[in-house]
Amino acid sequence: MPDITVNDQQLDEQLTQLELTRLWSPRVISKLETFIRSALDVELFRINPVQYALERSMSEAEALDLFLHATKVGLFEMDWHIVCPHCGFIIDSLPSMNQLHTHYLCPICGSERDYALDDYIQVAFSITPQVRDIQYHHPESLSIEDLYLNYRLSKELISPLPAFPAWRDAVIYITKYLGYVQPGEKVTAEFDLPPGILRATDSRTCLQLSATYEQTEQTSLIPLRLVDGKFQSDDPEMQPRSLTSYTAESEPVQFRYDLERDLPSGRLVVEVENLQDRRSALCIYHPGEMPTPVLALRPSLSGKSLLTSQTFRDLFRSEVINTNETLAIKDITFLFTDLKGSTAMYEQIGDAKAYFLVHQHFDALSRVIRDRNGAIVKTIGDAVMAVFDNPVEATSAALEMIDALDEFNRTISQALILKVGIHRGHSIAVTVNERNDYFGQNVNIAARVQALADANEVYLTADVYNSPGVSDVLKAHHVVPDEVLVKGVSEKLNVYKIGRQHRD
Ligand SMILES: [Zn+2]
């Protein structure tokens, strides 16, 4: 293992700054310091804050806050990356969400698909080189095994294969050739090819050979060149191709290759000549007849979860989606609030006083939203639009908001009366007015459901009400189901009106 070099002065200064950013639980900062000083290089690369929290019995929310504040003071760098669900390698790694797209072609396996912010778009944190230099800051100096298995392969994969509890071991098992090819160098790999597929990648692009059940006694020779980041071949049967493969559940997956061909199974020689002016990291692997895997990830920080963090929104205001992009989200919970009778209040007490009260009410609501791990997207007049990763937290927040406003009302002469609506579903994340925002029919439904609520009422759609855990939160409350038509939605919507808590 290389020596650990920590910039003590920098680390001390930044930890001192970090300590002052908020109130931390006991020993959170000292444990982080120990981690930075003593962890292996690989552990300080793409840290998953959810696993960090689990390993230290911290709350997930505090761990996320810790890494966000630590990134802000310069201890860590944020890394947005896209994990390929069909091979487990990281397709792209970006310092900012501004560079994210929705459509990616995996250079390792050739799968081509759309990505959503809440599935394989992940966020992790790596130590900055100014604090501690780690090997993974210098991928060009890594061994090829380290490059593929530690730098490019996601750490968060759950193996679907009982024979290989760690996906990494499955990758090692199917790898037939791994080596750097220098500019101008030609390498030869020779092996027996059983029926099934074989792929070659240089970590930037890939090709596929599909071996049939036809056997040949002759050795097949596949001559290949790497030119301008692509594979080329003089073999006329090797052609660019798009193919469909199937998962074990018969779901189709699209693949695209620089080159592809069928060939009989038997002895195979692959020659690769690197005609580029940079070194190529060649990997030839043999998935064989395995159906296309769909890899799941350990609990980790998705792009969506990060966007529903108020700390992220507060600290990284310039971190927004590219204005030309819309990023899909499969499932997110929207909460809208509004004040009842505010027009009358403005008339009674005047604009200035009303403005002051409305602002104080925003403060009270934002405290609840933050405590419940949600984030305010925007305020519109007297209304708040907030997002949550978790519908249970959103429902708890709604009930606590009404209590918080009740409390607040005791301190003022003019009572403010809240109306809340919650809905969950898919959406798209966009940038509007240099701010992360959300768009789509489910946002509209959430706003319309809010409009159904009367004084101190919360309306939930069936999608929220039926979410695991929500009924527990509502145990002590009076719930009235209803069916309503809302503007812009053709079918009747099942909603649930939550009244004030029963007081015995
Ligand atoms: Zn892949």
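Please read all numbers here as calculations on a predicted model, not as lab measurements.

Please give an account of the overall build of the chain that cites residues and values.
For the chain, the helix and strand inventory stands at 14 helices and 24 strands. Its C-alpha atoms put the chain at 90 × 60 × 40 Å along the principal axes. Residue burial in the chain is summarised as follows: out of 504 residues, 54% are buried. Long-range pairs, those at least 24 residues apart, make up 73% of the contacts in the chain between residues at least 6 apart in sequence. When the accessible area of the chain is evaluated, it comes to approximately 23,100 Å², of which 49% is carbon and sulfur surface. Looking at the chain, you have 46 positive and 70 negative side-chain charges, and the mean spots of the two groups are 5 Å apart.

Outline the coordination of the zinc ion, listing residues and values.
Protein-derived ligands of the zinc ion are C84 (SG), C87 (SG), C106 (SG) and C109 (SG), with the metal-ligand distances lying across 2.3 Å. Geometry at the zinc ion is tetrahedral, judged from its four donor atoms and the angles of 103 to 118° they form at the metal. All donor residues of the zinc ion come from one chain, and their arrangement in sequence is C-x2-C-x18-C-x2-C. We classify C84 as buried; its relative accessible area is 0%.

An account of the sheet that holds strand β5 (residues 121-127) is requested, with residue identities and associated values reported.
To summarise the sheet geometry, strands pair through backbone hydrogen bonds and adopt either a parallel or an antiparallel arrangement. Taken in spatial order, the three strands of this open sheet run β2-β1-β5, and their pairing is antiparallel. The sheet terminates laterally at β2 (90-94) and β5, the two strands that pair on one side only. Averaged over all neighbouring strand pairs, the angle between strand axes comes to 30°, with direction disregarded. Both strand β1 (residues 76-83) and β2 contribute to a ladder of four bridges, which runs antiparallel. The partner of V83 across the bridge, within β2, is I90.

How would you summarise the pairing of strand β21 (residues 435-439) if you had to cite specific residues and measurements?
Pairing between strand β20 (residues 417-432) and β21: five bridges, direction antiparallel. Looking across to β21, one finds that I428 is bridged to F439. Taking the residues that link successive antiparallel strands as the turn, the β20-β21 hairpin has two residues, and the phi of N433 there is positive, at about 50°.

Account for unusual backbone geometry, naming residues and giving values.
The phi dihedral of R27 falls on the positive side, at around 70°, and the residue is not glycine. By secondary structure assignment, the location of R27 is in the loop between α1 (8-21) and α2 (28-38). The exposure class assigned to R27 is exposed, which follows from its relative accessible area of 54%. One non-glycine residue, S203, lies in the positive phi region at around 75°. Within the secondary structure, S203 sits in the loop between β9 (196-201) and β10 (206-215). A relative accessible area of 8% places S203 in the buried class.

Please set out helix α12 (residues 441-452) residue by residue, giving values where relevant.
Over its twelve residues, α12 runs 17 Å from end to end, which matches the ideal 16 Å to within 8%, given 1.5 Å per residue. Burial in α12 covers these residues: N442, V443, I445, A446, V449 and Q450. End-on view of α12: buried residues confined to an arc of 160°, all on one side of the axis.

Describe in detail the nonpolar core, supporting the description with residues and values.
Counting residues in hydrophobic clusters, the biggest one holds 95 residues, and the most contacted among them are L18, L32, L75, F76, W80, L100 and Y438. Sorting elements by how many residues they give to this core places helix α4 (residues 60-72) first, with six residues. Apart from the residues lying within four places of it in its own chain, the contact partners of L18 are W24, I29, L32, L66, H69, A70, V73 and L75. Listed in part, the 35 residues of the second largest apolar core include L339, F388, L460 and Y496.

So, the side chain of R46: which residues are in play, and what are the values?
Inspection of the secondary structure puts R46 in the loop between α2 and α3 (49-55). Overall, the relative accessible area of 8% leaves R46 in the buried class. A polar side-chain atom of R46 sits 2.8 Å from a polar atom in the side chain of D79. At 2.7 Å, the side chain of R46 forms a polar contact with the backbone oxygen of Y151. When neighbours within four sequence positions are excluded, R46 is seen to be in contact with D79, H81, I90, S93, A124, F125, S126, Y151 and K155.

Describe the packing of α2 against α4, listing the residues and the values that go with them.
It is the contact of α2 with α4, at a shortest axis distance of 12 Å, that shows an interaxial angle of 60°. Taken together, α2 and α4 sit at an angle that is classed as oblique. The two elements α2 and α4 meet at a crossing, and its hand is right-handed. Taken together, the residues of α4 that come into contact with α2 (itself represented by V28, I29 and L32) are E62, L66 and F67.

I'd like to hear about the domain arrangement of the chain, residue by residue, with values.
What the domain assignment reports for the chain is domain 1 (8-103 + 110-158), domain 2 (167-294) and domain 3 (320-501). The centre of domain 1, based on its C-alpha atoms, is set 32 Å off from the matching centre of domain 3. Contact residues are listed per partner, giving ten residues for domain 1 and 13 residues for domain 3. Of the roughly 1,000 Å² buried where domain 1 meets domain 3, counting both sides, 55% is carbon and sulfur surface. Where domain 1 touches domain 3, the interface holds one salt bridge. One salt bridge in this structure joins K330 and D119, with 2.9 Å as the shortest N-O distance.

Conventions used here
Residues numbered from 1 in each chain as written. Predicted model: local features only at pLDDT ≥ 70, side-chain atom pairs only at ≥ 80, totals over all residues. Heavy atoms only, no water. Helix = DSSP H or I, 4+ residues; strand = E, 2+ residues; numbered from the N terminus. Buried < 20%, exposed > 50% of the residue type's maximum accessible area, 1.4 Å probe, protein only. Contact = heavy atoms within 4.5 Å. Areas by Shrake-Rupley, 256 points an atom, 1.4 Å probe, with all protein chains shown as cover. Lys, Arg positive; Asp, Glu negative; His and termini not counted. Charge placed at Lys NZ, Arg CZ, Asp CG, Glu CD. Donors = N, O, S within 2.8 Å, 3.2 Å for Na, K, Ca; no water. Tetrahedral: all angles 85-135°; square planar, octahedral: opposite > 155°, others 65-115°. Pairing = 2+ DSSP bridges. Axes fitted to C-alpha atoms, helices over the stretch in contact; angles between N-to-C directions. Expected span 1.5 Å × (residues − 1). Arc of directions from axis to C-beta. Core = buried A, V, L, I, M, F, W, Y, C linked by side-chain atoms within 4.5 Å. Polar contact = N/O pair within 3.5 Å; in protein donor to acceptor, adjacent residues only side chain to side chain. Parallel < 35°, antiparallel > 145°, perpendicular 65-115°, else oblique. Left-handed = near helix turned anticlockwise from the far one by under 90°. Domains from an automatic or database assignment. Buried area = accessible area lost by both parts, 1.4 Å probe. Salt bridge = Lys/Arg side-chain N within 4 Å of Asp/Glu carboxyl O.

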